[in-house]
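Residues per chain are reported as follows:
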Amino acid sequence: MDDIRLLPATGLEGLIAQLRSRGYRVMGPTLRDDAIVTGEIRSASDLPQGVGDEQDPARYRLRKRDDGAYFGFAAPAQSSKPVFFPAEEVIWRGRRDTAVTPDSAASASTPDNAGNPTTAPASSPHDPGFTVERDQLDAPPIALLGVRSCDLRAVQIHDKVLAGRTYIDAHYVTRREATFVVAVACSDPAATCFCASMGTGPRPAATDPATGEPSYDLLLTEIAPSDPDRHHFVLEIGTEAGRDVAHAIDTAPAEFDDQHEALAVTAHAASQQTRRITAATVRDDLRASAESSRWEDVASRCLSCTNCTLVCPTCFCTTVEDVSDLTGATAERHRVWDSCFSEDFTYIHGGPTRESVKARYRQWITHKLSSWEDQFGMLGCVGCGRCIAWCPAGIDITEEAAALGRMRAGGVLPTGDHVPTGDHVTVTS
Amino acid sequence: MMAGVGTIADAVARTGRADPMIPRRFAITRVRQDTRDTFTLLLDPVDGGEEMTFRAGQFTMLHAFGVGEVPISIAGDPRHPAPLEHTIRNVGAVTRALVNAAPGTEIGVRGPFGTSWDAADARGHDVVFVTGGIGLAPLRPAILDVLAERDSYGKVLLLYGSRTPDDILYGAQMRRWADLDGVNVQMTVDNAPHGYKGRVGFVTELIGRAGFDPRRAFAFVCGPEGMMRAAASALVSRGVSPARVRLSMERSMKCGIGLCGHCQLRELFVCVDGPVLDYARLEPLMDVREL
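Residues numbered from 1 in each chain as written. Chains lettered and ligands numbered in written order. Predicted model: local features only at pLDDT ≥ 70, side-chain atom pairs only at ≥ 80, totals over all residues. Heavy atoms only, no water.

Here we look at unusual backbone geometry
Across residues other than glycine, the phi torsion is negative in most instances, and most of the peptide bonds are trans.
Residue and element names in this part refer to chain B.
Here's step 1: Across the junction of A82 and P83, the peptide omega takes the value -5°, indicating a cis bond.
Here's step 2: Mapped onto the secondary structure, P83 falls in the loop between β4 (68–73) and β5 (84–89).
Here's step 3: Of note in this structure, R266 is not a glycine but carries a positive phi near 50°.
Here's step 4: On the basis of relative accessibility, which here comes to 17%, the residue R266 falls in the buried class. (Helix = DSSP H or I, 4+ residues; strand = E, 2+ residues; numbered from the N terminus. Buried < 20%, exposed > 50% of the residue type's maximum accessible area, 1.4 Å probe, protein only.)

Things to note about the environment of A:V184
Here's step 1: Relative to the helices and strands, A:V184 is located in strand β9 (residues 180–184).
Here's step 2: Contacts of A:V184, omitting those with residues within four sequence positions, involve A:F71, A:G146, A:V147, A:R148, A:S149, A:L219 and A:L220. (Contact = heavy atoms within 4.5 Å.)

A word on the interface of chain B and chain A
Here's step 1: Each side of the interface is counted separately: chain B has 64 residues, and chain A has 84 residues.
Here's step 2: A combined buried area of about 6100 Å² lies between chain B and chain A, and 57% of that area is made up of carbon and sulfur atoms.
Here's step 3: On the chain B side of the interface with chain A, the three residues burying the most area are B:I8, B:F65 and B:E290, jointly 14% of the side's total.
Here's step 4: Where chain B packs against chain A, one counts five salt bridges.
Here's step 5: Of the charged contacts in the structure, one is a salt bridge between A:R333 and B:E69, with a shortest N-O distance of 2.8 Å.
Here's step 6: Scanning the region where chain B abuts chain A turns up 27 residue pairs in polar contact (both at pLDDT 80 or more).
Here's step 7: Among the residues forming the side of chain B that touches chain A, the class breakdown is 29 nonpolar, 17 polar and 18 charged. (Buried area = accessible area lost by both parts, 1.4 Å probe. Salt bridge = Lys/Arg side-chain N within 4 Å of Asp/Glu carboxyl O. Polar contact = N/O pair within 3.5 Å; in protein donor to acceptor, adjacent residues only side chain to side chain. Nonpolar A, V, L, I, M, F, W, Y, C, P; charged D, E, K, R; others polar.)

What to know about the packing of helix α3 (residues 136–148) of chain B against helix α4 (residues 171–180) of chain B
Geometrically, a packed helix pair is captured by the angle between its two axes and the distance between the axes.
Residues and elements named next belong to chain B.
Here's step 1: The interhelical angle for the contact between α3 and α4, taken along N-to-C directions, is 25°, at an axis separation of 13 Å. By the angle between their axes, α3 is roughly parallel relative to α4. In this structure, α3 meets α4 at a crossing whose hand is left-handed. Facing α3, whose interface residues are L136, R140, I143, L144 and L147, α4 presents Q173, M174 and W177. (Axes fitted to C-alpha atoms, helices over the stretch in contact; angles between N-to-C directions. Parallel < 35°, antiparallel > 145°, perpendicular 65-115°, else oblique. Left-handed = near helix turned anticlockwise from the far one by under 90°.)

Right, dumping it as structure tokens:
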């Protein structure tokens, strides 16, 4: 039982202090605007103790729990995605070396149509060059506290997408460096959760399936939050760094029964989940459904508002914005989150390549549940259910995937067939 | 206390290559107007660094300071990469800023990115270039690759279409390829003024009659997507293997390195898996509208 210890509920304060004393910026669930969002944790009082949530299609509400649970809620409104991958980031700042002069504008070419370069080199000495500099991040390493299995898996997916290919997102790699992870086993899934069917939770895998690296330094399972005398955490150690922290704080050796009790928490949480996606077949179901009539159906409900992509912990698409001052002497290039639901997303001269909403919804769900696997060897959905809760129209990714699977299995002819729109069955098996 | 995390520079250094998000400074040394709306920019680096070597078919991200950035295929000769050559149609804010820039103006260049035509795969075979409008520009490096070793290839055909006679790109150069390099150049225009003596019709109509051996031909196709699809279909109908038909795809691109997500075509990141892709791979994707 060397890798499992017990942490009293009051010991959370010591854990946070220990991480802060080691130089980490501790980020975890906090309360803001009637929602649980990721924020900086300076003490245990920053955690949403005694707060639960209710999530359903197009619905997210906090509720007061009748116990003292620190982590008695499901997926926070926003995942830890922005910690390593902020919604807006300055890629570089540029400055003109010299001002543009009227001379240089007047030296414009007078080319002919003979097909030969005839323009003389610039006569103006005032070449309007510019110098570009990268922002160099200078931030402390992050400790994620209370990150749950779905969101931890999402970070691992981003490790592949943004840091594990030929080209990297240097900001992501830098922010992600030396991260300390205190994961939490999920005890209270929402109605929108389906991580159990995706194989991504509610208990985090010990290792990243893609790299074999440990998933967490420490894993907390909250026990008996309704009994102040017993309220404690089972603390599982994932790395040597985790062991070092665990032995520096108020922990005691655990017994076999303690581990059993921790496993029972996540087994119960898994059994509570009613939504599911058939992860084994969904990739092929969606690949075969490009011409399905279901897209017309879902497009009639989708507002293309981009909410789902903004709350999705794995969505990584971005665009760039060039911001210059009024004189044009300085300019910044910003990288900002973008969404495949926006019409501009595929714009090239002549128009967007995905003009219709049905094409945009098809792109989003097909990418998540099908082509992501071709690109990265894993699905791009972790079953957190945020896209269901935050869709103002209550569109349910599990329902859409199931409908496409049923239509494929039933041999429904895809093109031109009208499928009655009453076919919205929530899979509850 | 433990040390802070590293810097962006550290993260980039570990990749062993230059930062792909930082543009290199190039000066526009010459501007040539090719047609009513199409210009060729010749660029030289002003950072004292080496010329930008590239493979035929690759593209760069060209940045007009304070305006924005666009992906543009390189139009120059891979054997003589300096000056860096791009042919640009004036269709948007960034391309307008680029073609209107005075010689001497500095612009930013990132790249080169993406896949190559790999025309050398066609050594010993007939080669058919099918292109329309400004699509000739991304093909030009591949044509120059073939012509540099002309004797290694069988018949070389260039089937070129443009909207009107005034929109014909690189007209003088095409005549030289026909006269001096043994290229069978066939031109057509979609619309012509009264009295025009050349051929009128779509470029895809040339494929059926062109003199090449489909069983031993490679085809390189670049143009609007509808034209490329029709051309690839006509080539395959004549018996060219879909794996030997290569197309250069155009999609929205913000990064050029597979990170921004804009250019996705189902499982493909067109910027790194393409832009040059073979029709065996593309056919099922191009068959679906708005994929």
